[in-house]
Amino acid sequence: MNYATDRLDRKSRSRIGLQGLFHDFQQALAETNHSRLAHVALHKGCNQAAAYHAGTAWMEDPDNSSLAGDYAQICELNGYPEIGLLALLCFRLRGRLKSVDDYSTIIVKGTRSNQKDSPTFEDWSTKTASCGCRLSNCGFAHCFVAMLPESIHAAQRVLRNYFVSASKCSKSPVLTAHEILMSRSKKDKFDTERECSSHVPLDLQFWNAKTNSNTRRLFPVVLQTLLIKLLYLTIPSLACELLVHVSPLVLEDNKVKANMVVHHKSHMAYMVLIDALVFGSKHALVKPGRRHSLKYFHVPVHDQCHGLDARRDFAFTKGRRQEDNASNSDLIAFDEGMEHENLCAGGYSESKIGEFTKKLDVVVQFASSHVILQSDPSRHVVPSPLTWLLPRTFPSANAESLYLVGDSHVLSLAWQLIQLPSGDFRRIVPVVVTGLKAWHVRPETRFFTRVNLANVLSTRIRSSRTILFSAGEIDCREGLGGPLLERYKADDTLIRAHVERTVQEYVDSLTKVVEDVSNSLQQILVLPVAPHAAKGTSRIVGQASRWETTRIWNETLQQLLPSKNVHYLDYSSELLDKTCDSYTLLRALDADSTHMNAAFAPLLEKSIAASRCAQDLI
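The structure displayed is predicted, hence computed values, not measured ones. Residue positions are counted from 1 within each chain, in the order its sequence is given. Local features in a predicted model are, by the rule used here, given only for residues with pLDDT of at least 70; side-chain atom pairs are given and counted only at 80 or more, and totals for whole chains, interfaces and linings are based on all residues. Each side-chain value is derived from all of the structure's non-hydrogen atoms; neither hydrogens nor water enter the calculation.

## With respect to the overall build of the protein
Consideration 1: What counts as a helix is a DSSP run of H or I of at least four residues, what counts as a strand is a run of E of at least two, and both are numbered from the N terminus. Each helix and strand in the protein was counted, giving 21 helices and eight strands.
Consideration 2: Three exposure classes are used, based on accessible area relative to the maximum for each residue type with a 1.4 Å probe and protein chains only: buried under 20%, partly exposed in between, and exposed over 50%. Buried positions account for 59% of the 618 residues belonging to the protein.
Consideration 3: Any two residues whose heavy atoms approach within 4.5 Å at even a single point are treated as in contact. Relative to all contacts within the protein whose residues are 6 or more apart in sequence, the contacts with residues 24 or more apart total 74%.
Consideration 4: Only the protein chains shown count as cover for residues, with accessible areas throughout obtained via the Shrake-Rupley method and a probe of 1.4 Å. Summed over its atoms, the accessible surface of the protein is roughly 24,500 Å², and 50% of this surface lies on carbon and sulfur atoms.

Printed below as a string of structure tokens:
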């Protein structure tokens, strides 16, 4: 349950690497090892096949938490975080899965058979939805659903119970992010009265040993962290609720933390990032009364979600700004037409809850539909955008969505409200393509990240005219695009040559995305790669190389764009710590030393206004 590595990235691209994958495939097929087949298919770029094999492996051993987590993760890597979310809930509730016997028929030469017939390397290496195992259901659906309908409905009831409970507890006090961090540092217990106001259903209270029973499975820490990520992408208010209780158990327990870093490093990294964005890191969390003297500050997503705080540093505010000591109810009354709803103000009406359930059913139905429909987009029953999963717990929740597609750095701005030069507002909706490199955007890439990107472009944002796009940080950190994934070089000339080649491929590929007639895209606004924060004196050579690579990357983007409706949002120079000679991130903008927090939102707003993009298309 870890994400892509350079080794597997290389393996999926070159012929020598493919032959190694083919050898793994043959062994897995001979052993009928669906778990191994899933990972081979994923790194070959057969995401639909990977979801099928991961689901089948879980169906063979329903009590195996690792297999349940693998399936949920692969669903997310296939562009369906909702299916992964439902899978984890089904595992927790001991939900029933489909029968393996009903989904393991083998096809040989167009006929059904029970005999295995391994394909040749030439046949297997052909890029298709199926991985080559010749099982009739492999690659059949957009995202294979392993759970039975009644199990899915039980999982939906848990989410429904959360919404109902949240609506009923309309006047219960809620801890602020600052109070939560202070309680952690002092290791105090949360205020009893406020703790009792939690809206988390018993089925999701993993930290409470009393909730484990014959009807609920134990939920390992790694599954908790994965669930937090999937919820943050779909139901951020519930993610905030869970984090209040889960974060101390994962981030404050040294034994648990060390185990996660060793065995599930990528999941731990996501946990640290989301926690920093939801509650604010200690050095970036600033009380409202002190913000008037600061240029940058991060407003915790937890406080925004519960109506306790909100952004007030919009770049193009038309009306009067409130004073910093304004009451919570008046926090953003300075703009006409804006509303400020909190979790306890009836944001979850019965009609909204019913709409949520229906839309979730549409996603499950679409995921189960035949993948051949991709050749005829007009026949798609495309699920509604992710905004239908956005609870009405944010300021101006009715603002139109602006999708931010890309690597994990899209989470920095997730669910934030930004203002356009016209005075209109847009809600930033994150579409995470985990592990995405700029090099992977090329159409010829054979890796799960490129297939995931294609999936979200054809479904989630198919009707959008403008999107924001973020990629390149992983290229600068792990290695630039090329046959051998060349790493950092001491010679600045070589660094620049590799960067320029990779960025040129990146820009050309984004241009092709805009020109694709199967979607409605008319322009892409490209974010610069955020510089890393200084991390002390260790690995100083690696840090220096990374800073230099990032600097050249952003300079090259600035030179190449705009190009055919692909525009560069030029605010990278404003991110730098002017007290340092190196290309390092300003401390106030730092979330976890690698990612930024949302304090740079005003810079994004100003860069959109300064760009040559068509403002009326946003």
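## Looking at the sheet that holds strand E5 (residues 425-432)
Consideration 1: Taken together, six strands build an open sheet; the order of strands is E4-E5-E3-E6-E7-E8 and the sheet is mixed. The two strands at the open ends of the sheet, each matched to only one other strand, are strand E4 (417-419) and strand E8 (566-568). The average undirected angle you get between the axes of adjacent strands in this sheet is 35°.
Consideration 2: The strands touched by helix H21 (residues 601-610) are E4, strand E6 (466-470) and strand E7 (523-526); relative to E4, the strand with the most contacts, the crossing angle is about 35°. Following DSSP output, two strands are said to pair if at least two bridges run between them. Where helices are involved, their axes are fitted lines through C-alpha atoms of the stretch in contact, as for all axes, and angles between N-to-C directions lie from 0 to 180°.

## A word on the state of the cysteines
Consideration 1: Working definition: a disulfide is two cysteine sulfur atoms within 2.5 Å of each other. A full pass over the atoms with the stated rule returns zero disulfides.
Consideration 2: In this structure Cys305 is not part of a disulfide, and its nearest cysteine sulfur, from Cys240, lies 4.5 Å away.
Consideration 3: Among the residues examined, Cys305 registers a relative accessible area of 0% and is labelled buried.

## A look at H21
Consideration 1: With seven of 10 residues buried, H21 lies mostly within the body of the structure.
Consideration 2: Within the sequence span of H21, burial applies to Ala601, Pro602, Leu603, Leu604, Glu605, Ser607 and Ile608.
Consideration 3: On the buried face of H21, the contacting elements are E4, E6 and E7.

## Remarks on the pattern of salt bridges
Consideration 1: By salt bridge we mean one thing: a side-chain nitrogen of Lys or Arg within 4 Å of a carboxyl oxygen of Asp or Glu. Overall, the coordinates contain 14 salt bridges when judged by the stated rule.
Consideration 2: We note a salt bridge from Glu400 to Arg426, for which the minimum N-O separation is 4.0 Å. Here Glu400 is found in strand E3 (residues 400-406), whereas its partner Arg426 is found in strand E5, with 26 residues between them in sequence.
Consideration 3: A salt bridge links Arg496 to Glu555; the nearest nitrogen and oxygen atoms lie 3.8 Å apart.

## Points about the packing of helix H3 (residues 34-44) against helix H5 (residues 65-77)
Consideration 1: Between H3 and H5, the least distance of the axes is 11 Å, while the angle of their chain directions is 20°. Relative to H5, the element H3 is oriented roughly parallel. Considering the relative orientation of H3 and H5, their crossing is left-handed. Across the interface between the two elements, Ser35, Ala38, His39 and Leu42 of H3 pack against Leu67, Asp70, Ile74 and Leu77 of H5.
Consideration 2: Each residue gets one label: Ala, Val, Leu, Ile, Met, Phe, Trp, Tyr, Cys and Pro are nonpolar, Asp, Glu, Lys and Arg are charged, and the others, such as Gly, are polar. In terms of residue class, the contact of H3 with H5 is built from five nonpolar, two polar and one charged. Throughout, the term roughly parallel applies to angles under 35 degrees, roughly antiparallel to angles over 145, roughly perpendicular to angles from 65 to 115, and oblique to all others. Here a crossing is taken to be left-handed if its near helix is turned anticlockwise relative to the far helix by less than a right angle, and right-handed if that turn runs clockwise.

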